[in-house]
Amino acid sequence: MTKLPLLGKTLSELKNIAVELGMPAFTGKQLSDWIYKKRITSIDEMSNISLQNRNLLNEKYEIGRSIPVESQVSVDGTIKYLFRTHKNQFIESVYIPEEDRATLCVSSQVGCKMNCLFCMTGKQGFSSQLTPTEIINQYYSIPESEKLTNIVFMGMGEPMDNLDNLLTSLEIMTSDYGMGWSPKRITVSTIGILPKMISFLEKSTCHLAVSMHTPFADERLKLMPVQKAYPIESVIEELKKHDFSKQRRVSFEYIMFNGLNDTMRHAIAVVKLLKDIPCRVNLIRYHKIPEIDLDSSDEARMVSFRDYLTNNGVMTTIRKSRGEDIFAACGMLSSLKHS
């Protein structure tokens, strides 16, 4: 019999498991302490739970941690990890060390349904949703886990397309019983699936990053099929209803393509589109993927684009490219070669 994982269960779920096995409800809190605080890998390590109860747990359950099956190290220190899922599929996560922070870029799906033109994960197609166990495991099972300062849901998949498992994972990450992280250290990306994005904004206080990539509807539709169902103008109108003036941030991701979305006409339109939202724009160099006839804007064009936005009231940064040599940079994750 395949055992069920305890990692990825909320406190209320752990209490229910304890009660179902005839244990006191408070055993659920002991379980969460062992799993999330003490980071154990085996039920047998739970020394304040009786041997009899550990045996009961062991019959049906396991911790559910699984270490990466492969890792690659970039010349810039970025590390890409490959994990096997319970369905014997694969996902990639990326550890990005910097001077004052250490970020883990986590995946939410095996593949992706959204098929954005410039993204390797989209070219892979969609295979399955990651469970809370598989999302949380990416954090707990890398050697650098305890060094992490930030988590970004910018790996494989569209997080909002796996909303229930995303919200469960965020609860565990931000709750006192779990990882105890501040929501301000977690950013969730989306291409703008409106109903799910609204639900996320109501149920979580983590930061949001929205993929824009061009302010013009016709161009965005060619790059991102989601534009047909959820136009960027509608996404921005919704964001105007929410308060981003305090601790919670919204940012916009903007991959710069040479001659396609990097002109002054685009810069002017971005400023106009974002004028009523306190936000940041992250300009990202396009990382070449096979069989796609797109090129990145050069550094000078990115700098002038950034300067125009910043000088017109839209805080803008150029994101440093990391891990391109090991296909770990933005838009380059794919586990297709392992499937």
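Caption draft 1: Up close: the nonpolar core. Residues Met46, Phe118, Phe153, Phe200, Leu239 and Phe252 are the most contacted members of the largest nonpolar core, which totals 105 residues. Tallying contributions element by element places helix α6 (residues 163–174) first for this core, with six residues. In this structure, Leu239 is in contact with Met197, Leu201, Leu208, Val210, Phe244, Val250, Phe252 and Ile277, ignoring residues within four places of it in sequence.

Caption draft 2: How the structure looks around unusual backbone geometry. You will see that Arg39, though not glycine, has its phi angle at about 55°, which is positive. Among the residues examined, Arg39 registers a relative accessible area of 22% and is labelled partly exposed. Here the phi dihedral of His213 falls at roughly 75°; this positive angle occurs in a residue that is not glycine.

Caption draft 3: Quick peek at the environment of Ser321. Here Ser321 is to be found in the segment after β14 (315–318). Ser321 sits in the partly exposed class, given a relative accessible area of 24%. Put simply, Ser321 and Ile17 are 304 residues apart on the chain and 44 Å apart in space, counted from C-alpha to C-alpha. Setting aside anything within four residues of it in sequence, one finds Ser321 in contact with Asp76, Arg285, His287 and Ala329. Within the structure, the side chain of Ser321 is placed 3.2 Å from the side chain of Arg285, a separation counted as a polar contact. At 2.5 Å, the side chain of Ser321 and the side chain of His287 are in polar contact.

Caption draft 4: Layout of the pattern of salt bridges. Per the counting criterion, the structure on display carries 15 salt bridges. Between Lys80 and Glu92 there is a salt bridge, with its nearest N and O atoms 3.3 Å apart. Here the residue Lys80 occupies a position in strand β4 (residues 79–84), and Glu92 occupies one in strand β5 (residues 90–97), the gap between them amounting to twelve residues. In this structure, Lys80 and Glu92 share a single accessibility class: buried. The partner of Lys240 in a salt bridge is Asp276, and the shortest N-O contact between them spans 3.9 Å.

Caption draft 5: Geometry of the packing of aromatic side chains. A full pass over the atoms with the stated rule returns seven aromatic pairs. Centroid distance Tyr139 to Trp181: 5.8 Å. Interplanar angle 90°. Geometry classified as edge-to-face. In this pair, Tyr139 sits in helix α5 (residues 132–140) while Trp181 sits in the loop between α6 and β10 (186–190), placing the two residues 42 residues apart along the sequence. Owing to a relative accessible area of 4%, Tyr139 belongs among the buried residues under this scheme. Taking relative accessible area as the criterion, Trp181 reaches 5% and is therefore assigned buried. An aromatic cluster is present here, built from Tyr36, Tyr139, Tyr140, Tyr177 and Trp181 joined pairwise through their rings. Here the basic side chain of Lys113 rests over the ring of Phe126, its NZ or CZ set 4.7 Å away from the ring centre. Directly above the ring of Trp181 sits Arg185, whose terminal nitrogen or CZ lies 3.9 Å from the centroid.

So, how was this worked out
- Residues numbered from 1 in each chain as written.
- Predicted model: local features only at pLDDT ≥ 70, side-chain atom pairs only at ≥ 80, totals over all residues.
- Heavy atoms only, no water.
- Core = buried A, V, L, I, M, F, W, Y, C linked by side-chain atoms within 4.5 Å.
- Buried < 20%, exposed > 50% of the residue type's maximum accessible area, 1.4 Å probe, protein only.
- Helix = DSSP H or I, 4+ residues; strand = E, 2+ residues; numbered from the N terminus.
- Contact = heavy atoms within 4.5 Å.
- Polar contact = N/O pair within 3.5 Å; in protein donor to acceptor, adjacent residues only side chain to side chain.
- Salt bridge = Lys/Arg side-chain N within 4 Å of Asp/Glu carboxyl O.
- Phe/Tyr/Trp six-rings, centres within 6.5 Å; stacked < 30°, edge-to-face > 60°.
- Lys NZ or Arg CZ within 6 Å of the ring centre and 35° of its normal.

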